[in-house]
Amino acid sequence: MKLLSFRGGVHPPHRKKATEKLAVIKANEPKVVYIPLQQHIGAPCEALVKVGDEVKVGQKIGEASAFVSAPIHSSVSGKVKKIAKMKTPTGEATCIVIESDGLNTVHESVLPKGDISELSGKEILEIVKEAGIVGLGGAAFPTHVKFSPPPDTNIDTIILNGAECEPYLTADHRLMLEDPESIVYGLKAMMKIVNVKKAYIGIEDNKKDAIEKMLECVKNEEGISIVALKTKYPQGAEKQLIYACTQREVPSGGLPMAVGVIVNNVGTAAAIATAIKTGMPLVERIATITGSGIKEPKNLLIKVGTLFNEIIEQCGGYNGTPGKVIMGGPMMGLAQHTDDVPAIKGTSGILVLSPEEARLPEPEQCIKCGKCVEICPAFLQPVYISAYGLKDMYDKAEEYRALDCIECGSCSFICPSKRPLLHSIRVAKREIIAKKKKSK
Ligand code: SF4
Ligand code: SF4
């Protein structure tokens, strides 16, 4: 099979061995869950319950307050103990604290929705919206919004991201091996929503078993192709994946829909399948708990709202003093100040590094080697954007297309002078966006 790819990119060590062969196991039932009302990109939800209310699994407890938002559901049955602001992996949010009764009584609204052959595209879209489904690759963008393009947009292709190019993470890999049918069912549902006849599932070739499994699963499916991708970071980034699968280039500042494509993660497709087949909204997900700072790395099916420290405890606890706890992978993940935060829909993994691995090297002078420019998958000049950012010259940073940076971190990874390029580019982007908002 010919391997497809994109221009640029880097080759960080995979570090997936610890968990790639471990089947997903159900995490222990949490006694208490802390469910944030904001787990997605967009507006936070409004609480539908109050302290003292009894709730059931799958019950809607937070209503989306805007179009770009996604409802929140309870992952346990039990009693609402508190509604308060708490720390979350992405900052701070109002959380609904529920004490589980251990019974996992399912809410009456959780019922199979029928087969996709009987449902209209509009009905499937409504199911996706009501199930609170968001991108499970980590970005947590509400899925129903992606599937509601402006009426004049011509979408002709869906791409599922099974690349899982972040080092360490193996949650998508295991899902493709253990439940490929759900991925394909969810993909067919997506195709029906936007009436598309062509779809690709892109998988890096360091997951040959997953490629084989998915090939077998789609052999009788019309219009669905499996694309073997070169193992290279960031192969799973939207624009890079689109180029690898279709050779279409998303224009600067544009969205995938500008080239007729909608991209989703394989986990998102499986969540859609569950919502249609069983009626259960998005209340749990697979996450990889790994890194040298974890005693027994695992792939766990975790309930949204379970505390990181409880999840880590189920993996034998910390291996010595942890140096850094990250939600997600080492390249694009979010470093955490505490492990006392709840897992959210976007928790693809919990990575714990040792103090030695976590130590940031002392940055040195730029030696003008040009390596960061050579590998930037967005064809930017990170060295200049970073330099202008550090001098507070944000207009110049914008001229150098800072806003096209996909924050993949490849430039920081490759830099021989260990300059924290991504950090300064992020700051520049933030300032540029803030200035644009002010001038509106
Ligand atoms: S400038 Fe942005 S897109 Fe380019 S390598 Fe750096 S982080 Fe990635
Ligand atoms: S890779 Fe580092 S040292 Fe080389 S040009 Fe870019 S910033 Fe400078």
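Keep in mind that what you see is a predicted model, and the values were worked out from it rather than measured.

What follows concerns the domain arrangement of the chain. Annotation of the chain at the domain level lists domain 1 (30-100), domain 2 (121-278) and domain 3 (371-439). The gap between the C-alpha centroids of domain 1 and domain 3 is 35 Å.

Another aspect to go through is empty space enclosed by the protein. Tallied over the full model, the rule gives three cavities of 30 Å³ or more. Taken as a whole, the largest cavity spans an internal volume of roughly 100 Å³. If you trace the largest cavity, you find 14 residues lining it, with Cys376, Pro382, Cys405, Cys408 and Cys411 closest to the centre. Looking at the lining of the largest cavity, the elements that each hand over two or more residues are α12 (382-390) and α14 (410-414).

Moving on, we come to the packing of aromatic side chains. Counted under the stated rule, the structure contains two aromatic pairs. Aromatic pair Tyr384 and Tyr400: ring centres 5.6 Å apart, planes at 45 degrees, arrangement tilted. In this pair, Tyr384 is assigned in helix α12 and Tyr400 in the loop between α13 (394-399) and α14, connecting sequence segments 16 residues apart. Tyr384 gets classed as partly exposed once you look at its relative accessible area, which sits at 35%. Judged by its relative accessible area of 26%, Tyr400 is partly exposed. Between Tyr388 and Tyr400, the aromatic rings sit 5.6 Å apart at their centres with planes inclined by 40 degrees, giving tilted as the arrangement. Residue Tyr388 is found in helix α12, and its partner Tyr400 is found in the loop between α13 and α14; the two are separated by twelve residues along the sequence. Under the relative-accessibility criterion, Tyr388 is labelled buried at 17%.

Rules of the game
- Residues numbered from 1 in each chain as written.
- Chains lettered and ligands numbered in written order.
- Predicted model: local features only at pLDDT ≥ 70, side-chain atom pairs only at ≥ 80, totals over all residues.
- Heavy atoms only, no water.
- Domains from an automatic or database assignment.
- 1 Å grid on protein atoms, 1.4 Å probe; cavity = no way out; pocket = protein on both sides within 12 Å on 5 of 7 lines; lining within 4 Å.
- Points joined across faces, edges and corners; volume = space filled by probe spheres on them.
- Helix = DSSP H or I, 4+ residues; strand = E, 2+ residues; numbered from the N terminus.
- Phe/Tyr/Trp six-rings, centres within 6.5 Å; stacked < 30°, edge-to-face > 60°.
- Buried < 20%, exposed > 50% of the residue type's maximum accessible area, 1.4 Å probe, protein only.

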